[in-house]
Amino acid sequence: MSCSTVCQAVVSCMSIPNSTSRSTAVFSNTQKLDGALVFRSSVSYNRVNGFSSCRCSATTSVPPGEDVFSVVTSSTTSEVDYLGESTKGDLNLNFGIDGNALQGPVEEVAKMEAQEAEKLLQHLGIPVPYNARHSPRGIFCSRTLNLRSISAIGYDMDYTLMHYNVMAWEGRAYDYCMENLRNVGFPVDGLAFDPDLVIRGLVIDKEKGNLVKADRFGYIKRAMHGTRMLSTREVSEIYGRELVDLRKESKWEFLNTLFSVSEAVAYMQLVDRLDKGVIGPDLCPNEYKGLYKAVGKALFRAHVEGQLKSEIMSKPELFVEPDPELPLALLDQKEAGKRLLLITNSDYHYTDKMMQHSFNRYLPNDMNWRDLFEMVIVSARKPEFFQMAHPMYEVVTGEGLMRPCFKARPGGLYSGGSAQMIESSLNVHGDEILYVGDHIYTDVSQSKVHLRWRTALICRELEEEYNALIHSQEERATLIDLINKKEVLGDLFNQLRLALQRRTEGRPAQTLAATHMEDNELTESMQKLLVVMQRLDQKIGPMLDEDGELFNKRWGYLSRAGLWDKSHLMRQIEKYADIYTSRVSNFLHYTPFMYFRAQEQNLAHDSYTFDHLRREEN
């Protein structure tokens, strides 16, 4: 390679028009072939007022066709960074940096280079990851994840690679469910689908006919019997001694995904009719638990008999919300060397039809959706797919004909099988694989628990919740201010109460000044404080009930149970999903090499230590 070629390559990579900054970088390269040194060069690059120049000197000639900058993947021996995260997927460029160009303490050099990097990103019009993270379309990190160390990315399809219009999709599922119930004698006339009745992350109590919202510890904060919200007192009386334990599958049913919406709406509406006595014991021999079983069976028939999916396949534009950015996000990942997998429980015909509709029109150069994926698994039977081995069949014709298969190969289309077969075929294992899905149990927790795959959860409702939180900032600030004021008043009331208690027992109060307070002054102060606190309660109570109404009037925010605590759903997400976001196309706002770093997790005593430091400074 000639000197001019080297210079041209460097200038083309680093030239920045219309820039007034000045910076210098010096690169050197040493390359060996069969152990022999064949080339050494240094390139000095200058950027002054938008013009680029470079000086290149070669000390040894290089054979024709050999590149100066050699890009290679890292060795099979995985290295780790300061957080212990694997750097196996990093690109190692075979050139070093001239020490004379980066002299000085690393802190100062890093500060200068970071400032230059921010300027360059701004000049190129590329948003920094920080800005992308602080938006409804951000990707949020529970456990640090280095995408560079990920070799393969698997995707679920329904509500992951394609998002359905909930009112249309779940509304039709509800209609088919009700029709099946009507056919076996259930009184369902007059009922209509109400998607606002439930949200993801709630839990059905199949024994009591209730729908509940629990906090991260399992304590129930809100509950609904049938379609009637229960009061705080009723919730306390029913569940004061009981926690939600999802391991008790005979009692609790967790609404993991948007597919649960139609089932939960139908069940809660029919609980009302069961309470009114219009549903006889012959239809529900075990009352609420029997009713849940009947609703689940009716909805299962709607899916198995294929009526619903046939309707969707005939008019996918009525049910699927298009996302032109999504195929491009996957294309970036594929071109970055990630091996993409599609693993779905849907059958071949439905998968092919829906993926064609959602992907083909947005892909460049007449690409087909199949071109994106190294391997496609349909009828996967998740979660068993992650737990055990099932027979695997290769789909060999466009009509879906299959033949038995004992070993998967890259580029294949298969039905059934297991996750272990994928790992063996691609020679990737454990934390080299990222799996992306919308179902906490079927997709995320099982691939994490059984295989130690890295995981990403898709939760479309995050966008609506994020915006609701932004628009409710003033109300929440006012509420918190009132609570803080009541806390101060309560502290004084409690101290005066203790002083009165000691005085009654003939002992001195906590301080000399409190001991010398007049009796009437002490009691009047307490009475006044008590009245103010009671009035504050009357103000704070309704505000707490209304908090989250911008997201859902009955249940509040998806991720919160109360003003400060996390919901049971959020606890599940943090436990099993390394990252979570509203849609797969959000990856387009980052890069396939992104390092997602988990934020500091505040502890209960952290705020006190920070307050102590501030007081010392003042």
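Fair warning: this is a prediction, and the values are worked out from it, not measured in the lab.

Parameters at a glance
- Per chain, residues are indexed from 1 in the order of the written sequence.
- Local features in a predicted model are, by the rule used here, given only for residues with pLDDT of at least 70; side-chain atom pairs are given and counted only at 80 or more, and totals for whole chains, interfaces and linings are based on all residues.
- Neither water nor hydrogens contribute to the side-chain values; these are computed over all heavy atoms in the structure.
- Helical segments are the DSSP runs of H or I of at least four residues, strand segments are the runs of E of at least two, and each set is numbered from the N terminus.
- Each residue gets one of three labels from its accessible area relative to the maximum for its type: buried under 20%, exposed over 50%, partly exposed in between, using a 1.4 Å probe on protein chains only.
- Only heavy atoms matter for contacts: two residues are in contact if any of them lie within 4.5 Å across the pair.
- Criterion used throughout: strands pair if DSSP finds at least two bridges between them.
- Axes here refer to lines fitted to C-alpha atoms; in helices the fit is confined to the stretch in contact. Angles between the N-to-C directions go from 0 to 180 degrees.
- Expected helix span is given by 1.5 Å per residue-to-residue step, counting one fewer step than there are residues.
- Any pair of nitrogen or oxygen atoms within 3.5 Å is treated as a polar contact; in protein, a donor-acceptor pairing is required on top of that, and neighbouring residues in sequence qualify only through side-chain atoms on both sides.
- Pairing of aromatic rings covers Phe, Tyr and Trp, the last through its six-membered ring, and needs centres within 6.5 Å; plane angles under 30 degrees mean stacked, over 60 mean edge-to-face, and all others mean tilted.
- Comment: the charge-over-ring label is applied if NZ (Lys) or CZ (Arg) is within 6 Å of the ring centre and within 35 degrees of the ring normal.
- The positive count covers Lys and Arg only, the negative count covers Asp and Glu only, and His and the chain ends enter neither.
- The term salt bridge refers to a pairing of a side-chain nitrogen on Lys or Arg with a carboxyl oxygen on Asp or Glu at a separation within 4 Å.
- Nonpolar core, defined: a set of buried Ala, Val, Leu, Ile, Met, Phe, Trp, Tyr and Cys residues in which side-chain atoms within 4.5 Å join the residues together.
- The pLDDT value tells you how sure the predictor is about a given residue, anywhere from 0 up to 100.
- Oblique is the label for every angle not falling under 35 degrees (roughly parallel), over 145 degrees (roughly antiparallel), or within 65 to 115 degrees (roughly perpendicular).
- The hand of a helix crossing depends on one turn: near helix anticlockwise from the far one by less than a right angle means left-handed, and clockwise means right-handed.
- Each residue gets one of three labels, nonpolar for Ala, Val, Leu, Ile, Met, Phe, Trp, Tyr, Cys and Pro, charged for Asp, Glu, Lys and Arg, and polar for the others, Gly among them.

Peer 1: Quick rundown of the environment of Leu-462? Include the residues and the values.
Peer 2: By secondary structure assignment, the location of Leu-462 is in helix α14 (residues 461–471). What makes Leu-462 buried here is its relative accessible area of 12%. It is 9.2 Å that separates the C-alpha atoms of Leu-462 and Arg-583, two residues lying 121 residues apart in sequence. The residues touching Leu-462, leaving out its near neighbours within four places in the chain, are Tyr-580, Thr-581 and Ser-582.

Peer 1: Tell me about the sheet that holds strand β19 (residues 392–395), and please be specific about residues and values.
Peer 2: With mixed pairing, the 10 strands of this open sheet are ordered in space as β7-β24-β23-β22-β9-β17-β18-β21-β19-β20. The sheet is open, and its two borders are formed by β7 (139–141) and β20 (402–405), each paired with just one other strand. Each strand of the sheet is rotated relative to its neighbour by a mean of 25°, with strand direction disregarded. Where strand β22 (residues 433–437) and strand β23 (residues 454–458) come together, 4 bridges link them in parallel fashion. If you follow Tyr-435 over to β23, its bridge partner there is Thr-455.

Peer 1: Help me get a handle on the environment of Ala-264, residues and values and all.
Peer 2: Along the polypeptide, Ala-264 turns up in helix α6 (residues 260–275). The class for Ala-264 is buried, based on a relative accessible area of 0%. Not counting residues up to four positions away in its chain, the partners in contact with Ala-264 are Val-198, Ile-204 and Leu-255.

Peer 1: Quick one: what's the story with the pairing of strand β12 (residues 210–214), residue by residue and with numbers?
Peer 2: For β12, a buried count of 5 out of 5 residues is recorded, marking the element as mostly surrounded by other parts of the structure. Residues Asn-210, Val-212 and Ala-214 point to one face of β12 and Leu-211 and Lys-213 to the other, with burial holding for every one of them. Here strand β11 (residues 203–205) pairs with β12 via 3 bridges, running antiparallel. Within the sheet, the bridge partner assigned to Asp-205 lies in β12 and is Asn-210. Pairing analysis gives 5 bridges linking β12 to strand β13 (residues 220–225), with the strands arranged antiparallel. Bridge pairing in β13 places Val-212 opposite Ala-223. As consecutive antiparallel partners, β12 and β13 are separated by 5 residues, and within that stretch Gly-218 has a phi angle of approximately 95°, a positive value.

Peer 1: Go over the sheet that holds β11, please, and point to the residues and values.
Peer 2: Remark on secondary structure: sheet strands pair via backbone hydrogen bonds, oriented parallel or antiparallel. As summarised here, the arrangement of the 5 strands in space is β14-β13-β12-β11-β15, forming an open sheet in which the pairing is antiparallel. The sheet terminates laterally at β14 (228–229) and β15 (252–254), the two strands that pair on one side only. Sitting on the sheet, helix α5 (residues 232–239) is in contact with β11, β12, β13, β14 and β15, with an inclination near 100° to β13. Against the sheet, α6 makes contact with β11, β12 and β13, and its axis sits at roughly 60° relative to β13, the strand it touches most.

Peer 1: Give me the lowdown on helix α4 (residues 166–183), citing residues and values where you can.
Peer 2: Spanning 18 residues, α4 covers 25 Å between terminal C-alpha atoms, matching the ideal 26 Å at 1.5 Å per step. When we look at burial in α4, the residues that qualify are Val-166, Trp-169, Glu-170, Gly-171, Ala-173, Tyr-174, Tyr-176, Cys-177, Met-178, Asn-180 and Leu-181. The elements touched by buried residues of α4 are β10 (163–164), α6, α7 (287–304), α8 (307–314) and α10 (348–359). Backbone nitrogen of Met-167 and a side-chain oxygen of the N-cap are separated by 3.1 Å at the start of α4; the cap is Asn-165. Residue Gly-185 follows α4 closely and has a positive phi angle near 105°.

Peer 1: Break down the packing of aromatic side chains for me, citing the residues and quoting the values.
Peer 2: Counted according to the given criterion, the structure contains 14 aromatic pairs. A centroid spacing of 5.3 Å and a plane angle of 55° characterise the contact between Tyr-164 and Trp-169, whose relative ring orientation is tilted. Residue class for Trp-169 comes out buried when judged on its relative accessible area of 1%. One residue, Lys-251, lies across the ring of Trp-252, its end atom 4.7 Å from the ring centre.

Peer 1: Summarise helix α13 (residues 440–451); cite the residues concerned and give the values.
Peer 2: Counting buried residues along α13, 9 of its 12 residues qualify, which places the element largely inside the surrounding structure. Turning to α13, its buried residues are Ile-440, Thr-442, Asp-443, Val-444, Ser-445, Gln-446, Ser-447, Lys-448 and Leu-451. Where α13 is buried, its residues contact β15, α11 (384–387), α12 (419–426), β22, β23 and α18 (568–576). Just downstream of α13 lies Arg-452, where phi reads positive at about 60°.

Peer 1: If you had to explain the side chain of Glu-465 to someone new, which residues and values would you point to?
Peer 2: Within the element layout of this structure, Glu-465 appears in helix α14. One buried charged residue, Glu-465, remains without a salt bridge, the closest side chain of opposite sign being Arg-560 at 4.2 Å. At 2.4 Å, the side chain of Glu-465 forms a polar contact with the backbone nitrogen of Leu-558. When neighbours within four sequence positions are excluded, Glu-465 is seen to be in contact with Phe-551, Tyr-557, Leu-558, Ser-559 and Arg-560.

Peer 1: Give me the nonpolar core: which residues, what numbers.
Peer 2: Within the largest apolar cluster, 114 residues are counted, with the highest numbers of intra-cluster contacts made by Tyr-155, Leu-161, Leu-181, Leu-291, Leu-330 and Phe-373. Per-element tally for this core: the top contributor is α6, with 9 residues. The residues contacting Leu-181, other than those within four sequence positions of it, are Phe-186, Val-188, Leu-270, Ala-294, Val-295 and Ala-298. By size, the runner-up hydrophobic cluster in this structure holds 20 residues, among which are Leu-341, Met-392, Tyr-414 and Trp-453.

Peer 1: Tell me about the confidence of the model for the protein chain, residues and numbers included.
Peer 2: Mean pLDDT over the protein chain: 84, with 83% of residues reaching 70 or higher. pLDDT under 50 marks residues 1–76. Its contacts with residues more than four places away, or in other chains, come to 138 contacts.

Peer 1: Which residues make up the packing of α6 against α7, and what values do they have?
Peer 2: As a packed pair, α6 and α7 sit with axes 10 Å apart at the nearest point and diverge in direction by 140°. Between α6 and α7, the interaxial angle falls into the category oblique. As for the relative orientation of α6 and α7, their crossing is right-handed in sense. When α6 is examined against α7, the residues Ser-262, Glu-263, Ala-266, Tyr-267, Leu-270, Val-271, Leu-274 and Asp-275 are found in contact with a partner set consisting of Glu-287, Tyr-288, Leu-291, Tyr-292, Val-295, Gly-296 and Leu-299. For the contact of α6 with α7, the residue count by class is 10 nonpolar, 2 polar and 3 charged.

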